[in-house]
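# Observations on the model geometry
One letter stands for each residue in the lines below.
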Amino acid sequence: MRDIRALSLDELKDFFAEIGEKPFRAKQVYDWLWSKNLHSIDEMTNLSKDLRDKLSQYFTIKPAAADFTQKSTDGTMKNAVKLHDGLTVESVLIPTETRTTACVSSQVGCSLNCEFCATAKLKRMRNLEVAEIVDQVALIDRQSKEYFDRPLSNIVFMGMGEPMMNYKNVVEAIRKITKPEGLGMSPRRITVSTSGIPKMIKMLADEDLKVKLALSLHSAIEETRNEIMPFSEKFPLHEIMDSLKYWYQKTGNVVTFEYCVWGGINDNDEHIKALIKYCRQVPSKVNLIQYNPIGEGKFDHRSIESEEKYVRELTKAGITVMVRRSRGADIDAACGQLANKTSD
Ligand code: SAH
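Residues numbered from 1 in each chain as written. Predicted model: local features only at pLDDT ≥ 70, side-chain atom pairs only at ≥ 80, totals over all residues. Heavy atoms only, no water.

## Some details on the overall build of the protein
Within the protein, the regular secondary structure consists of ten helices and 14 strands. Over its C-alpha atoms the protein spans a radius of gyration of 21 Å, differing by no more than 12% from the 20 Å that the globule rule assigns to 344 residues. Principal-axis analysis of the C-alpha atoms gives the protein an extent of 70 × 40 × 35 Å. Within the protein, the fraction of its 344 residues that count as buried is 55%. Of the contacts made within the protein by residues no fewer than 6 positions apart, 66% connect residues no fewer than 24 positions apart. Taken as a whole, the protein presents about 15,800 Å² of accessible surface, with 48% of it coming from carbon and sulfur. (Helix = DSSP H or I, 4+ residues; strand = E, 2+ residues; numbered from the N terminus. Rg over C-alpha atoms; globule rule 2.2 N^0.38 Å. Buried < 20%, exposed > 50% of the residue type's maximum accessible area, 1.4 Å probe, protein only. Contact = heavy atoms within 4.5 Å. Areas by Shrake-Rupley, 256 points an atom, 1.4 Å probe, with all protein chains shown as cover.)

Next comes the structure, spelled out in structure tokens:
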């Protein structure tokens, strides 16, 4: 049976016209689906029982719902979200003193092959549907209200998958999340993170969504980057930079570079210099992310000294740099650790 959430508002209106119902019914149903995130036609209480029965004859709702939730000692919560075809993705609730951030997935597994990321090791892959992305957000919003007494404040597309490889659904999900007739969240509190697909970055700039953009850089030296993120051979750093300049020009939004420092890989002066040179080409800031081990020995050499050197040199060069503490590592919920371990 058809998933009712695959229909646009106009399509819903057409449907109600066909069965001889008033068009405002479409808006009521849309509201249940996208604003209230209801998963049951039978609970649409402002529709008559007859109408609910009729709807159920034509449509179903395919929910993505938490199968299992783990809580970290630091308050981070990781949901294993079961999809209608039995596959699982993970999404993470990250609380701070004042905010709750949802880290959501855009694909089951990932089509890229970053050597340091656990998600890349998962084979099975499909794109998430719009509703499957929105459900992760709505779920974390409910959890935030229940456990932290406040609504969800921020969303980062930093879970499983490469958002730019599921572009259409990610953009539509963002529209559903931000529109007043959807979840009504501010787009300024949403960050799309990408490994860098220039054509798609430009397309996203043209959407006028007002979201933020993060780029997983990890090295501004082509050779090193291609080694640790092999897919990036197809997307040279200068092309990525062109797209970031376009992004800034179109949106006025500063780009965030995500960067891990690994001993023996990018912990030398040459790398720091290259990063500064790269950052200077576009208004940007740097987030130094703590690496979360995934059992790939070559990345396991942390050098706090070189992290500190990065911070010193970037600051000296006038570039804003933040050091991001890892969250939820004890339940494999931290960056790069999402690999459906709970569902094995
Ligand atoms: N595919 C997108 C979205 C995933 S975001 C992207 O690459 O941006 C996940 C972030 O965590 C990325 O910045 C990624 O580079 C980083 N990451 C991946 N594995 C990691 C690990 N083991 N430790 C720390 N960060 C990691």
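## Describing the pairing of strand β12 (residues 255–259)
The two faces of the sheet receive side chains in turn, since in a regular strand these alternate between them. Most of β12 is tucked away, with five of its five residues classed as buried. Two elements, strand β11 (residues 212–216) and β12, share four bridges in a ladder whose sense is parallel. Opposite Leu 213, over in β12, you have Val 255 as the bridge partner. Taken together, the five bridges between β12 and strand β13 (residues 284–289) define a ladder with parallel strand orientation. Bridge pairing in β13 places Val 255 opposite Ser 284. (Pairing = 2+ DSSP bridges.)

## A word on the site of the ligand
Near the ligand you find 22 residues, and of these Ser 193, Ser 195, Ser 216, His 218 and Asn 292 are the closest. A distance of 2.9 Å separates a nitrogen atom of the ligand from a polar atom in the backbone of Phe 116. Its atoms largely coinciding with the cavity grid, the ligand occupies the largest cavity. Residue composition of the shell around the ligand, by class: ten nonpolar, ten polar and two charged. (Near = heavy atom within 4 Å. Polar contact = N/O pair within 3.5 Å; in protein donor to acceptor, adjacent residues only side chain to side chain. 1 Å grid on protein atoms, 1.4 Å probe; cavity = no way out; pocket = protein on both sides within 12 Å on 5 of 7 lines; lining within 4 Å. Sits in = over half its atoms within 2 Å of the grid points. Nonpolar A, V, L, I, M, F, W, Y, C, P; charged D, E, K, R; others polar.)

## Looking at the sheet that holds strand β6 (residues 100–103)
Hydrogen bonds between backbone atoms are what pair the strands of a sheet, whose relative direction is either parallel or antiparallel. In spatial order, the strands read β3-β4-β5-β6-β9-β10-β11-β12-β13-β14; together these ten strands make up an open sheet with mixed pairing. Two strands in the sheet have a free side with no partner beyond their single neighbour: β3 (65–71) and β14 (320–324). Here the strands of the sheet are splayed against their neighbours by 25 degrees on average, with no regard to which way each runs. Note that strand β5 (residues 88–95) and β6 share four bridges and pair antiparallel. Its bridge partner lying in β6, Leu 93 is registered against Ala 102. (Axes fitted to C-alpha atoms, helices over the stretch in contact; angles between N-to-C directions.)

## What about the packing of helix α1 (residues 9–18) against helix α2 (residues 24–35)?
Helix-helix packing is characterised by the crossing angle of the two axes and by the distance between the axes. Where α1 meets α2, the closest approach of the two axes is 8 Å, and the angle between their N-to-C directions is 130 degrees. Overall, the two elements α1 and α2 adopt an arrangement that is oblique. The hand of the α1/α2 crossing is right-handed. Residue-level inspection shows Leu 9, Leu 12, Lys 13 and Phe 16 of α1 in contact with α2, the latter providing Arg 25, Ala 26, Lys 27, Val 29 and Tyr 30. Split by residue class, the contact of α1 with α2 holds six nonpolar, no polar and three charged. (Parallel < 35°, antiparallel > 145°, perpendicular 65-115°, else oblique. Left-handed = near helix turned anticlockwise from the far one by under 90°.)

## Regarding the layout of surface pockets
Think of a ball as big as a water molecule: rolled over the atoms, this probe shows where empty space is left. What the largest pocket holds in volume is close to 1,100 Å³. Lining the largest pocket are 32 residues, with Arg 99, Thr 101, Val 156, Asn 287 and Arg 324 sitting closest to its centre. Contributions of two or more residues to the lining of the largest pocket are made by β5, β6, β9 (154–157), β11, β12, β13 and β14. Each residue belonging to the lining of the largest pocket can be placed in one class, and the counts come to 15 nonpolar, eight polar and nine charged. There is about 290 Å³ of room inside the second largest pocket. Ranked by the residues each element gives to the lining of the second largest pocket, the list is headed by helix α5 (residues 167–178), at three residues. In terms of residue class, the lining of the second largest pocket is built from seven nonpolar, one polar and eight charged. (Points joined across faces, edges and corners; volume = space filled by probe spheres on them.)

## Structural notes on the domain arrangement of the protein
Domain parsing of the protein yields domain 1 (2–60) and domain 2 (65–343). Measuring from the centre of the C-alpha atoms in domain 1 to the corresponding centre in domain 2 gives 35 Å. At the junction of the two partners, domain 1 supplies seven residues and domain 2 supplies ten residues. A buried area of about 890 Å², summed over both sides, lies between domain 1 and domain 2, and 54% of it is on carbon and sulfur atoms. By the criterion of area lost to domain 2, the three top residues of domain 1 are Tyr 30, Trp 34 and Asn 37, representing 60% of everything that side buries. The tally of links between domain 1 and domain 2 comes to one salt bridge. A salt bridge links Arg 5 to Asp 135; its shortest N-O distance comes to 2.8 Å. Our count for the contact surface shared by domain 1 and domain 2 stands at five residue pairs in polar contact (both at pLDDT 80 or more). For the side of domain 1 that touches domain 2, a count of residues per class yields two nonpolar, three polar and two charged. (Domains from an automatic or database assignment. Buried area = accessible area lost by both parts, 1.4 Å probe. Salt bridge = Lys/Arg side-chain N within 4 Å of Asp/Glu carboxyl O.)

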